[in-house]
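Fold and geometry: a report
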Protein chains: 2
Amino acid sequence: MTDVVIAGVGQTPVGEHWDISLRELALKAIEATRQDAGGLAPQALFVGNMLAPSISGQAHLGALIADFAGLTGIEASAVEAAGASGGAALRQAYLAVAAGAVDVALVVGVEKMTDRTGSSVEAAITTTIDGDFEGVQGLTPTAQAALLMRRYMYEFEVAHECFAGFPLIAHANGESNPNAMFRKAISAETYRRAGMVSDPLNMFDVAPNADGAAALLLTRAELLPAGFLHPLVRISGSSMVTDTLALHDRPDPLAFHAARLSVERACRQAGILPTDVNLFELYDAYSIFAALSLEAAGFAGRGQAWQLAQDGDAHPLRLNLHGSLPISTFGGLKARGNPGGATGVYQAVEAVIQLRGLAGKNQVPGARRALVQCLGGPASSAVTHIIEVI
Amino acid sequence: MTDVVIAGVGQTPVGEHWDISLRELALKAIEATRQDAGGLAPQALFVGNMLAPSISGQAHLGALIADFAGLTGIEASAVEAAGASGGAALRQAYLAVAAGAVDVALVVGVEKMTDRTGSSVEAAITTTIDGDFEGVQGLTPTAQAALLMRRYMYEFEVAHECFAGFPLIAHANGESNPNAMFRKAISAETYRRAGMVSDPLNMFDVAPNADGAAALLLTRAELLPAGFLHPLVRISGSSMVTDTLALHDRPDPLAFHAARLSVERACRQAGILPTDVNLFELYDAYSIFAALSLEAAGFAGRGQAWQLAQDGDAHPLRLNLHGSLPISTFGGLKARGNPGGATGVYQAVEAVIQLRGLAGKNQVPGARRALVQCLGGPASSAVTHIIEVI
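Residues numbered from 1 in each chain as written. Chains lettered and ligands numbered in written order. Predicted model: local features only at pLDDT ≥ 70, side-chain atom pairs only at ≥ 80, totals over all residues. Heavy atoms only, no water.

Quick word on the overall build of chain A
- On a plain count of helices and strands, chain A comes out with 13 helices and 11 strands.
- For chain A, the C-alpha radius of gyration of 19 Å lies close to 21 Å, the compact-globule estimate for 390 residues.
- For chain A, the C-alpha atoms occupy an extent of roughly 55 × 45 × 40 Å along the three principal directions.
- Evaluated residue by residue, chain A yields a buried proportion of 68% over its 390 residues.
- Summarising the internal contacts of chain A: among those between residues at least 6 apart in sequence, 76% fall at separations of at least 24.
- Surface accessibility of chain A: about 12,500 Å² in total, with carbon and sulfur atoms responsible for 52%. (Helix = DSSP H or I, 4+ residues; strand = E, 2+ residues; numbered from the N terminus. Rg over C-alpha atoms; globule rule 2.2 N^0.38 Å. Buried < 20%, exposed > 50% of the residue type's maximum accessible area, 1.4 Å probe, protein only. Contact = heavy atoms within 4.5 Å. Areas by Shrake-Rupley, 256 points an atom, 1.4 Å probe, with all protein chains shown as cover.)

Some details on the relation of the copies chain B and chain A
- In screw terms, the move from chain B to chain A is a rotation of 180° and a rise of 0.0 Å along the axis, fitting with an RMSD of 0.0 Å. A rotation of that kind, with that shift, is consistent with a two-fold axis. Within chain B, B:Ala99 has its C-alpha nearest the rotation axis, a separation of 1.9 Å.
- A high fraction, 100%, of the interface residues of chain B reappear at the interface in chain A, so the copies pair face to face through one surface. (Least-squares fit on C-alpha atoms with pLDDT ≥ 70 in both.)

Some words on the interface of chain B and chain A
- Each side of the interface is counted separately: chain B has 56 residues, and chain A has 56 residues.
- Summed over both sides, the interface of chain B with chain A buries roughly 4,100 Å², with 50% coming from carbon and sulfur.
- Considering only the surface of chain B that becomes buried against chain A, B:His60, B:Glu75 and B:Thr242 emerge as the three largest contributors, covering 16% of it.
- In this structure, the connection of chain B to chain A is made through six salt bridges. (Buried area = accessible area lost by both parts, 1.4 Å probe. Salt bridge = Lys/Arg side-chain N within 4 Å of Asp/Glu carboxyl O.)

Quick notes on the environment of B:Lys184
- Structurally, B:Lys184 is set in the loop between helix 7 (165–174) and helix 8 (188–193).
- Sequence spacing of B:Lys184 and B:His171 is 13 residues, and the spatial spacing of their C-alpha atoms is 6.1 Å.

Focus: the confidence of the model for chain A
- Within chain A, residue pLDDT values average 96, and 98% of them lie at 70 or more.
- The ipTM assigned to the predicted complex is 0.97, against a pTM of 0.98. (pLDDT = per-residue confidence, 0-100.)

Here we look at the packing of helix 1 (residues 22–36) of chain A against helix 3 (residues 61–68) of chain A
Residues and elements named next belong to chain A.
- Between helix 1 and helix 3, the least distance of the axes is 9 Å, while the angle of their chain directions is 60°. By the angle between their directions, the pair helix 1 and helix 3 is classed as oblique. The way helix 1 lies across helix 3 gives a crossing that is right-handed. Between helix 1 and helix 3, the contacting residues are Leu22, Arg23, Glu24, Ala26, Leu27 and Ile30 on the first element and Leu61, Leu64, Ile65 and Phe68 on the second.
- Each residue belonging to the contact of helix 1 with helix 3 can be placed in one class, and the counts come to eight nonpolar, no polar and two charged. (Axes fitted to C-alpha atoms, helices over the stretch in contact; angles between N-to-C directions. Parallel < 35°, antiparallel > 145°, perpendicular 65-115°, else oblique. Left-handed = near helix turned anticlockwise from the far one by under 90°. Nonpolar A, V, L, I, M, F, W, Y, C, P; charged D, E, K, R; others polar.)

Topic: the side chain of A:Gln58
- Tracing the sequence through the fold places A:Gln58 in the loop between helix 2 (52–56) and helix 3.
- A relative accessible area of 6% means that A:Gln58 is categorised as buried.
- In contact with A:Gln58, not counting residues within four places along its chain, are A:Arg23, A:Ala52, A:Pro53, A:Leu64, B:Thr127, B:Thr128, B:Ile129, B:Asp130, B:Gly131, B:Asp132 and B:Leu245.

Some details on the state of the cysteines
All names here are of chain A.
- Evaluation of the coordinates by the stated rule reveals zero disulfides over all chains.
- In this model cysteine 374 remains outside any disulfide bridge; the closest cysteine sulfur is found in cysteine 267, 16 Å from its own.
- A residue is classified by how much of its surface remains accessible, and cysteine 374, at 2% relative accessible area, is buried. (Disulfide = S-S within 2.5 Å.)

What about the nonpolar core?
- Within the largest apolar cluster, 220 residues are counted, with the highest numbers of intra-cluster contacts made by A:Leu218, A:Leu294 and B:Leu218.
- Here A:Leu218 is in contact with A:Val4, A:Val5, A:Ile6, A:Leu90, A:Ala93, A:Tyr94, A:Val97, A:Asp103, A:Val104, A:Ala105, A:Val107 and A:Ile235, once residues within four sequence places are set aside. (Core = buried A, V, L, I, M, F, W, Y, C linked by side-chain atoms within 4.5 Å.)

Details of helix 6 (residues 141–156) of chain B
Residues and elements named next belong to chain B.
- End to end, helix 6 covers 22 Å across 16 residues, agreeing with the expected 22 Å (1.5 Å per residue, within 8%).
- Here helix 6 has its buried residues at Pro141, Thr142, Gln144, Ala145, Ala146, Leu148, Met149, Tyr152 and Met153.
- Its buried side turned inward, helix 6 meets helix 5 (118–126), helix 8, strand 5 (196–198), strand 6 (201–202), helix 10 (287–296) and helix 11 (305–308).
- One or two positions beyond helix 6, positive phi appears at glutamate 157, with a value near 55°. (Expected span 1.5 Å × (residues − 1).)

Re the pairing of strand 11 (residues 381–389) of chain B
Residues and elements named next belong to chain B.
- Within strand 11, nine of the nine residues are buried, leaving the element largely enclosed by the surrounding structure.
- Residues Ser381, Val383, His385, Ile387 and Val389 point to one face of strand 11 and Ala382, Thr384, Ile386 and Glu388 to the other, with burial holding for every one of them.
- Judged from the nine bridges that link them, strand 8 (residues 233–242) and strand 11 form a sheet pairing that is antiparallel. Paired with valine 241 across the two strands is alanine 382, which belongs to strand 11.
- Sheet analysis places strand 10 (residues 369–376) next to strand 11, joined by eight bridges and oriented antiparallel. From the neighbouring strand, arginine 369 faces strand 11, where its bridge partner is glutamate 388.
- Hairpin connection from strand 10 to strand 11: four residues lie between these consecutive antiparallel strands, with glycine 377 at a positive phi of about 60°. (Pairing = 2+ DSSP bridges.)

Notes on the pattern of salt bridges
- The full count for this structure, using the stated rule, is 36 salt bridges over all chains.
- The closest approach of N and O atoms between A:Asp115 and A:Lys112, which form a salt bridge, is 3.2 Å.
- Residue classification places A:Asp115 among the partly exposed positions, given a relative accessible area of 45%.
- Residue A:Lys112 is classed as buried on the basis of its relative accessible area of 4%.
- Close ionic contact of B:Arg234 with B:Glu388 constitutes a salt bridge, the shortest N to O distance being 3.2 Å. A residue pair is termed long-range when its members are at least 10 positions apart, and B:Arg234 in strand 8 and B:Glu388 in strand 11 qualify at 154 residues.
- We classify B:Arg234 as partly exposed; its relative accessible area is 21%.
- The class for B:Glu388 is buried, based on a relative accessible area of 8%.

Let's talk about the packing of aromatic side chains
All names here are of chain A.
- Taken as a whole, this structure holds 10 aromatic pairs over all chains when the rule is applied.
- Judged by centre distance (5.3 Å) and plane angle (85°), the rings of phenylalanine 256 and phenylalanine 289 are edge-to-face. Within this pair, whereas phenylalanine 256 is found in the loop between strand 8 (233–242) and helix 9 (257–270), its partner phenylalanine 289 is found in helix 10 (residues 287–296), the two being separated by 33 residues in sequence. Here the two residues phenylalanine 256 and phenylalanine 289 agree in accessibility, since each one is buried. (Phe/Tyr/Trp six-rings, centres within 6.5 Å; stacked < 30°, edge-to-face > 60°.)

Here we look at unusual backbone geometry
Residues and elements named next belong to chain A.
- Of the consecutive residues aspartate 199 and proline 200, the connecting peptide bond is found in the cis state with omega at 5°.
- One non-glycine residue, histidine 60, lies in positive phi territory at about 55°.
- Taking the relative accessible area as the measure of exposure, histidine 60 reaches 0% and is therefore buried.

Given below as structure tokens:
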């Protein structure tokens, strides 16, 4: 297949954007991205969005955003795979460019989740789990994560405090990200004292719902002028995999099977091992998801990933910015914020900034290759990309 | 790009399926399709759906349907572009196979619209138009079509009766389609006497909301065994184009600009002229849409398409099954029914049945090449495919 490169990236701050509409938010990210890419004109737009039809009362986002961005006449559609929507939209754009059907494709992930009250948002998010067999019982995605964390603690005899490392790293990294929703490092003591959300998940185990938009511009390397504005980064691996939607259908709920398969397939395509990457933008919607994602990717044995996040040099593989496997390098979902269908696009944008060496205080030294993964539901959908400097 | 063929098709009857769930409906179409294709195993699933998150309270349809169909582990995502969702899902699957990323891709279009009362369904459908500038004024898609029809009647001095040909042809063709929602031919008198829906649209100018699922299995020709079950049909042209979402933003609302561009691009890819096709599965959600689609594709001048649908031999280009440009060959949206995001997939399934020569009483003699088009909103999204016998 053709080499697909990411020629432009853009993002809005993540947070509460009560003063601007969904389409305006998307436009800001698109304009930043087109400027970043030196004005390349896209022929296609893929929108990653999870909840606009139910929360914002607006579907048909492809035509809406193409229109508002002054791109009427291009191809445009919306892609949904719950929390993995942004990654799924990136994958569709990648396929369109790889197929040679379009030369330049734009991906935008956009979500507005904070205009509505918490209960109506939680109800909307709950449409992403199995309605007939889970939703009907009152289960929500957060309660699902709580069940997983409780089971992990029981099965592997791990105390709740052991998960502290994940939000600590995320918040430390978010502190210097101007686009992060929360820009303040936290201590282990803050984590320990945080209020309960859904036992055993506390406030720092759960990433905040947020508003935001991020965008990417994809093209083929040979279409860029010599001496292009930025170091070229290409997508060397792309994979999307599903698992059962309902958690109760899994023989082993603590194995994120789709996440594992998706990493394997993306790495096989890129011709690398997971350990060949310099950073891992993982899907830390919940602390327990960070742990299970690391284990699924093979970076830790079952029940052991929390050890990688521990303070000190006890473990050779560490997850902070100067460790050997930095995660959540701009704060992750936890501190940057989790704007639903935009999240997967933010992750890829952040990876590109790292690979360009422009991450400032958040820079991972010598970053040449990134593993980027987003999940829908409890890894019922997993989308993994490997992005690297050419 | 690689030759992409449609190796299997399947569909459920269109109608009111109150006794089975969304996932069961999708499964029926998938099982029929996999059987039709001789058991080829898909690696990817693209779901065309318009309203399940708002009407059925269920998002994340990719993982849900892959799981329920026993295909856990494959790639799956949902694609939305209002009424063009089914066509957009077909296009994504086409791109995935053309890119060489997957060998076999499944497309399923599924929608359940009749479980809820009319007003809540109309509210959900209205999320597909411009919420901030049209929906907020009380406009609905049906009212939009009424405005277009009224304008057409005024601008071209055409009486309402002149549109009768479109539903007459659709209902005549639907009579012998066992999967059609309405299987009864109607007369010009029935049309003339029908109750008003939204002035000047009467009951026979509006396709019925319906439940249904249809599926397609795509692969590359070289992967099929010699002496495959069916004559091979390939996708020789594929195009998706957007126009402004809001009708009031168009300099000429009676020109379906995206529909025209989409036909042009698909024909250019296939190396044909629109007149080289043997049938046209067009998007007759409203009689006026049928007329405007024919004009956009260049089959009639502005304000003249209704003449093609007239009874008798006055016009050389006629639209019934034995004419030179048959439309809605299994009843179209009007008589087969319009199951939202499934509609675009039904259209392609019906085209394949025609090209295989298995359409029975609905057979278009000598059908070798079909033009298939579905629209989202008032052609704010247009997806066109050209499917032909190899």
